Amino acid sequence: SMFKMARRQKLINSNPMAEIYPEEYPAPKTGKYKHAKNLQELRAFLLALPEVSGEPPTKVLLSIAPHLFMRASELRLMKYKDLDMEKSIWYLHRSKRIGQSIFDENIDDRPYDYCVPLSPFVKAAIESLASYTGNKEYVFTGQNGKDPISSNTAGKALRLALRKNGMENLTTLYGFRYCARGMIPGILGIDKRIVEQQMSHDPSQNTGEGEVAHSSDKYGYDQYLYLPERRAMMDVWSDLLEGLVSDKFQILTPEQARQQVGKTQWQMFLEELHEKYKRLCGIYQQTAQ
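All values reported here derive from a predicted model rather than from experimental measurement. (Residues numbered from 1 in each chain as written. Predicted model: local features only at pLDDT ≥ 70, side-chain atom pairs only at ≥ 80, totals over all residues. Heavy atoms only, no water.)

Chemist: Give me the lowdown on the overall build of the protein chain, citing residues and values where you can.
Modeler: Per the secondary structure count, the protein chain includes 12 helices and three strands. Buried positions account for 43% of the 289 residues belonging to the protein chain. Long-range pairs, those at least 24 residues apart, make up 70% of the contacts in the protein chain between residues at least 6 apart in sequence. For the protein chain, the exposed surface amounts to about 16600 Å²; the carbon and sulfur share of it is 51%. (Helix = DSSP H or I, 4+ residues; strand = E, 2+ residues; numbered from the N terminus. Buried < 20%, exposed > 50% of the residue type's maximum accessible area, 1.4 Å probe, protein only. Contact = heavy atoms within 4.5 Å. Areas by Shrake-Rupley, 256 points an atom, 1.4 Å probe, with all protein chains shown as cover.)

Chemist: Pulling in residues and values, what's your account of the sheet that holds strand S2 (residues 89-92)?
Modeler: Adjacent strands of a sheet pair through backbone hydrogen bonds, lying either parallel or antiparallel. A sheet is described by the order of its strands in space; here three strands give the open sequence S1-S2-S3, paired in antiparallel fashion. Strands with a single pairing partner mark the edges of an open sheet, and in this sheet they are strand S1 (83-84) and strand S3 (114-117). One ladder, built from four bridges, connects S2 with S3; its direction is antiparallel. By the bridge assignment for S3, Ile 89 is matched with Pro 117. (Pairing = 2+ DSSP bridges.)

Chemist: Give a description of the environment of Ser 151 that names residues and reports values.
Modeler: Relative to the assigned elements, Ser 151 resides in helix H7 (residues 151-164). According to the relative accessible area criterion, Ser 151 is partly exposed, its value standing at 43%. In the structure, Ser 151 is positioned 79 residues away from Ala 72 in sequence and 7.5 Å away in space, judged by C-alpha atoms.

Chemist: Explain the environment of His 35 residue by residue, including any values.
Modeler: Mapped onto the elements, His 35 comes out in the loop between helix H1 (2-8) and helix H2 (39-48). Take His 35: its relative accessible area is 12%, and that puts it in the buried class. Discounting residues that sit within four places of it in the chain, His 35 has contacts with Glu 41, Leu 170, Thr 171, Gly 175, Tyr 178 and Cys 179.

Chemist: Quick rundown of the pattern of salt bridges? Include the residues and the values.
Modeler: For the coordinates displayed, the defined rule picks out 11 salt bridges. The partner of Asp 82 in a salt bridge is Lys 81, with the nearest N and O atoms 3.1 Å apart. On the accessibility criterion, Lys 81 (48% relative accessible area) is partly exposed. Glu 196 serves as the salt-bridge partner of Arg 181, at 2.5 Å between the closest nitrogen and oxygen. Here Glu 196 lies in helix H9 (residues 192-198) and Arg 181 lies in helix H8 (residues 175-188), a separation of 15 residues in the sequence. With relative accessibility at 25%, the residue Arg 181 sits in the partly exposed group. Counted as one network, the salt bridges with shared partners bring together Lys 79, Lys 81, Asp 82, Asp 108 and Glu 137. (Salt bridge = Lys/Arg side-chain N within 4 Å of Asp/Glu carboxyl O.)

Chemist: Summarise the packing of H8 against helix H10 (residues 227-244); cite the residues concerned and give the values.
Modeler: One way to put it is that H8 packs onto H10 with a least axis distance of 12 Å and a crossing angle of 90°. With respect to their mutual orientation, H8 and H10 come out roughly perpendicular. Taking contact as the criterion, the partners of Ala 180, Met 183, Ile 184, Ile 187 and Leu 188 in H8 are, on H10, Met 233, Val 236, Trp 237 and Leu 240. Residue composition of the contact of H8 with H10, by class: nine nonpolar, no polar and no charged. (Axes fitted to C-alpha atoms, helices over the stretch in contact; angles between N-to-C directions. Parallel < 35°, antiparallel > 145°, perpendicular 65-115°, else oblique. Nonpolar A, V, L, I, M, F, W, Y, C, P; charged D, E, K, R; others polar.)

Chemist: For the packing of H2 against H10, give the residues involved together with the corresponding values.
Modeler: Between H2 and H10, the least distance of the axes is 9 Å, while the angle of their chain directions is 80°. Taken as axis vectors, H2 and H10 run roughly perpendicular relative to one another. Residues Leu 39, Leu 42, Arg 43 and Leu 46 of H2 form the contact with H10, whose own contacting residues are Trp 237, Leu 240, Leu 241 and Leu 244. Each residue belonging to the contact of H2 with H10 can be placed in one class, and the counts come to seven nonpolar, no polar and one charged.

Chemist: Would you mind going over the confidence of the model for the protein chain in detail, with residue names and values included?
Modeler: Across the protein chain, the average pLDDT comes to 85, with 88% of residues at 70 or higher. Taken element by element, the predicted model of the protein chain shows its lowest mean pLDDT in H1 (78) and its highest in helix H5 (residues 120-127) (97). Long-range and interchain partners of residues 205-214, a stretch whose pLDDT sits below 50, account for 19 contacts in this model, where long-range means more than four residues apart. (pLDDT = per-residue confidence, 0-100.)

Here is the structure:
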């Protein structure tokens, strides 16, 4: 890990561990991050959000974390200057790129190489912090009102909220990436390639998270960024999360499900989201980027 970090920061020209055979020094198995594995668990977390304690920046950060499913460090370091609220876009730098770290001192001098569409829910949540941090550099400031919120503060607030509701260790901030990656294609039927693009995964190299993807596009023809599709996806994903805590979603027993006649409110809601996604994809192709 130290050599990889040094390589990204260009302190060394190559990673000396690259030539070490893995069978000689096997990597430690850390396992997956804890995350909600079904809608019932995700719904339970969303309902526990009012139990989050702390200052408004902490509460808002945790409220939008499932909607954005960003890496925790990227979310904590969100800056007002990187937000274009008129276009509903958050511009930033990839945190998983060789030779680059979002903690670099000169990162602001580099051109943006990534963007995140903001759904109406996320945009409204960020705007609600204007009176608290609107004149600061970071959207989510810590107790001193200057530096970004620490990982310990965000993590502790999440753990306490889960513990109060009997869901200790249900998820971590990073776990929302697992959650979105599994549920968006499965429930909303959105192509995995669009989700991968939104998660800032490079399909042609090791992402540094234990995920290795291979692409047949060796000449780099695929330069389409799927921004219209990603805008639509983030909108309907937020709609799904909001609908999940409404009366549209009812937990049924297997027997109740078998006896169900006609479509449930949740089924009809999902069908509406599918249609909304298709409609927005076409509309957002005409939106300024």
